[in-house]
Amino acid sequence: MMYKPLNALSTLLMRFVTTLTLKKESAGCIMTTPTPSSLPMIRRDAWIVFIGWSFCIIASLFWNLHYSKPMMSVLGHLVFWFMGNLGIGTAVQYLSRRVMEQEKIEQSLVESNAKNCTLLDALPDQIFHLSRQGICLDYNAPKSLPPGIHPNSILNPENIIGKSLNAFLTAEVATLFQENIIKTLDTGQSQTFECKINISNPPEYFETYMGVSTLNAVIAVMRNITRRKQAEMDLYDVAARLHATVEQTPMGFTHALLDGHYVFVNHRFCNMLGYTEQELLQRTYQSITHPDDLNLDLELVQKIMTEEIQNYSLEKRYIRKDGSFVWTNISVILLRDHANNPSYFIAVIEDISQRKQVEIEHTALQQQLLQSQKMESVGRLAGGVAHDFNNLLSVILGYSEMLLLDTNSLNHFAQESLHEIQKAGDRAKILTKQLLAFGRKQILEIKIIDLNLIIPDIEKMLKRLIGEDVEVITQLAPTLGMIKVDSDQMEQILLNLAVNARDAMPEGGKLIIETNNLEIVQESDNITDSIPVGQYVTLTVTDTGCGMDEETLTHLFEPFYTTKDRGRGSGLGLATVYGIVKQHGGEIVVQSELGKGSSFRIYLPRCFESTLVEKSSEDIDDATLKGDETLLVVEDDVSLRQMVCHVLHSRGYRVLEAIDVKDALHLASEKRDKINLILSDVIMPELNGPALVEKMQAFCPNAKVIYMSGYSDETIAHHGILEEGYVFIQKPFTLEGLLKKIRQTLTV
């Protein structure tokens with residue numbers, strides 16, 4: 001209470017002083033009325049001036065009272081005047097200076113505040129001052145909005161200041177704000193979070209930064225990120241679509257670093273190789289590439305690194321987790337950074353295993369076709385050569401045989417020479433027979449036989465043929481089915497396979513001959529696609545020899561192909577086996593491995609007919625090879641015809657010799673029923689044998705017929721199998737064989 005009069009006095013003094021206008025041009029300062037905000041400071045300063053002035057007055061009064069002399073009184077008045085004026089001037093100057101300083105400070109604050117307001121207004125952010133309880137203490141809304149921001153996303157300050165968050169935010173967002181207010185105040189650490197506020201349609205997305213303002217309040221800065229959020233969602237949609245495309249495509253996709261390590265693989269590539277994604281991300285493409293394909297792959301990678309090429313495609317094999325491999329077509333590009341430095345590889349991988357399998361099968365079929373065409377060409381060549389060659393051999397062997405019958409008129413040298421001629425002829429005969437067998441041009445005399453009945457007879461001969469150091473073992477099925485074959489050709493198969501096995505076992509071994517019944521009931525049972533479903537009799541010949549490599553197996557049945565030394569084989573043994581088997585409608589499968597021997601398995605169709613023809617052991621002695629019947633010989637080869645006629649004359653037969661078709665028909669019409677047997681060649685220039693015989697039988701219907709030929713022809717044999725009712729003798733024949741065939745035919 002005691003200070004009120006003093007405050008009033010200081011105020012009056014301050015007003016009095018401040019009403020004075022002191023202009024000091026030299027100083028250039030002007031004192032004006034202070035602002036209300038500076039009044040407390042001026043009151044304080046006025047008190048200081050009042051106290052100082054009062055002190056001066058009191059001091060002057062004391063001087064005058066103490067020194068009452070006139071001289072002293074005058075001096076006291078001067079002191080009083082001087083001290084009073086000095087105090088007032090000093091006070092005025094002091095107060096004026098303090099007012100001006102305060103005004104400068106306040107002006108600076110006003111300008112700073114204006115700048116801050118300008119900056120705040122320019123910001124696109126909404127700023128909240130929030131208490132711990134979530135009450136909005138203050139709010140600053142942006143005055144301008146960036147493009148794309150909806151005006152409804154700006155809150156009205158009148159609706160939110162002094163209100164809780166729940167009043168203007170959804171419960172979910174208000175709870176999120178409240179949780180972050182508590183966390184910010186309790187930890188003293190700023191928080192950042194995102195929220196979606198449904199204050200417009202569509203909803204707006206905000207990113208909020210929250211920091212401590214006072215002990216019980218926070219500042220929350222909300223920035224509208226709707227455009228960014230939409231861009232993120234659009235980018236996410238694009239990425240999701242791209243990811244779905246990459247994952248759902250039937251192609252494999254990979255990203256690999258420059259050292260080959262995978263950094264991305266899609267599910268298709270994982271499934272292709274049988275690995276999990278994590279397993280592949282720990283591997284390099286080099287480690288799962290087939291060794292035979294790796295060098296070419298690395299060469300192309302080097303070219304793409306040096307920019308010789310921009311990309312490349314390659315058919316390569318990947319090694320699967322189970323050790324198998326998968327054929328793929330891979331396309332590779334190299335991505336580079338902004339400085340054109342290599343960054344990583346992108347590869348698109350297509351599984352072409354099925355296509356490759358088809359190509360392999362197609363190639364195999366092409367090779368088989370070429371092989372078949374080649375063998376067919378050789379067969380045609382063999383047939384063409386054999387026809388004329390067998391005629392020549394028949395003459396050579398026939399005359400040498402006739403000369404050897406009269407040994408008394410020949411010296412020792414002549415006899416030896418004839419024997420050598422016969423040996424050479426026999427070798428040529430065997431070679432021609434092999435060529436015909438390979439070309440499937442020989443004529444087969446098909447009979448229903450039991451293969452088990454042939455093997456014991458030939459086993460004895462095999463033991464003499466292959467030597468004592470090779471053990472022959474037979475394992476015959478007890479109830480073996482019947483087959484329809486030429487028994488002589490079956491013997492030829494066994495002989496050729498046995499000789500081949502012997503050559504593969506120079507130090508001895510085992511030769512195993514097996515027979516079995518086999519039924520193939522479905523395609524999956526087939527060992528090879530060339531064997532159809534059905535019932536078969538199998539003949540298997542196995543040796544314990546040196547075996548064969550893949551290259552040898554590829555050319556195994558080619559004519560004249562041999563791995564033996566020159567002079568040790570003609571290369572026709574296995575080709576002959578192949579031809580005989582094929583001509584009988586069978587198949588042959590070979591399994592072999594180097595150092596582990598070989599196995600030849602022959603599949604022959606099983607026959608269910610009941611007629612079984614056993615090999616005849618009947619022999620005709622030399623005395624019965626003569627006769628007096630009339631024989632008509634039709635042969636266009638002069639030398640062979642003359643030799644045959646000479647032999648028949650020497651055995652007592654009446655022989656009619658026809659040099660061509662016209663001559664044969666003339667003799668048949670002239671002699672008619674006197675002709676007992678017609679011996680005719682099959683292949684002749686004007687007319688084939690059966691057609692000629694058909695015409696001649698109009699004159700001599702009871703005449704028997706024997707056909708002669710050097711190779712198979714469709715006129716008397718269908719696919720090499722002699723048709724029923726025909727009697728046939730194969731060229732080159734021996735004279736004894738011819739006489740026996742004639743005698744057998746005439747006596748039937």
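Residues numbered from 1 in each chain as written. Predicted model: local features only at pLDDT ≥ 70, side-chain atom pairs only at ≥ 80, totals over all residues. Heavy atoms only, no water.

The next subject is the nonpolar core. The nonpolar side chains of soluble globular proteins are, as a tendency, buried together. The biggest cluster of nonpolar side chains holds 38 residues, and the ones touching the most others in it are Met490 and Ile602. At the level of secondary structure, the elements contributing two or more residues to this core comprise helix H12 (451-466), strand S12 (470-475), strand S13 (482-485), helix H13 (487-504), strand S14 (509-520), strand S15 (534-543), helix H15 (573-583) and strand S17 (598-607). Looking at this core element by element, the count peaks at 7 residues for H13. Excluding residues that lie within four positions of it along the chain, Met490 makes contacts with Ile449, Leu451, Ile454, Val485, Ile580, His584 and Leu604. (Core = buried A, V, L, I, M, F, W, Y, C linked by side-chain atoms within 4.5 Å. Buried < 20%, exposed > 50% of the residue type's maximum accessible area, 1.4 Å probe, protein only. Helix = DSSP H or I, 4+ residues; strand = E, 2+ residues; numbered from the N terminus. Contact = heavy atoms within 4.5 Å.)

The amide bond that connects Lys731 to the next residue, Pro732, takes the cis arrangement and shows omega of -5°. Positionally, Pro732 belongs in the loop between strand S24 (728-730) and helix H19 (735-747). Even without glycine at this site, Asn340 takes up a positive phi of about 65°. By the secondary structure assignment, Asn340 is in the loop between strand S9 (325-336) and strand S10 (342-351). Classification of Asn340 as partly exposed rests on a relative accessible area of 39%.

Summed over all chains, the structure comprises 5 aromatic pairs. Judged by centre distance (5.3 Å) and plane angle (90°), the rings of Phe177 and Phe193 are edge-to-face. Of the two residues, Phe177 is situated in helix H5 (residues 171-187) and Phe193 in strand S3 (residues 191-197); the sequence distance between them amounts to 16 residues. Here Phe177 falls in the buried class, since its relative accessible area comes to 1%. The buried category is assigned to Phe193, whose relative accessible area is 8%. Arranged with centres 5.5 Å apart and planes meeting at 85°, the rings of Phe269 and Tyr318 form a pair that is edge-to-face. With Phe269 in helix H7 (residues 267-273) and Tyr318 in strand S8 (residues 311-319), this residue pair connects regions lying 49 residues apart in the sequence. Among the aromatic residues, those joined into a ring-pair cluster are Tyr262, Phe269 and Tyr318. Above the ring of Phe325, the side-chain terminus of Arg317 is found at 5.5 Å from the ring centroid. (Phe/Tyr/Trp six-rings, centres within 6.5 Å; stacked < 30°, edge-to-face > 60°. Lys NZ or Arg CZ within 6 Å of the ring centre and 35° of its normal.)

Read these as layout, nothing more, since geometry by itself doesn't imply function.
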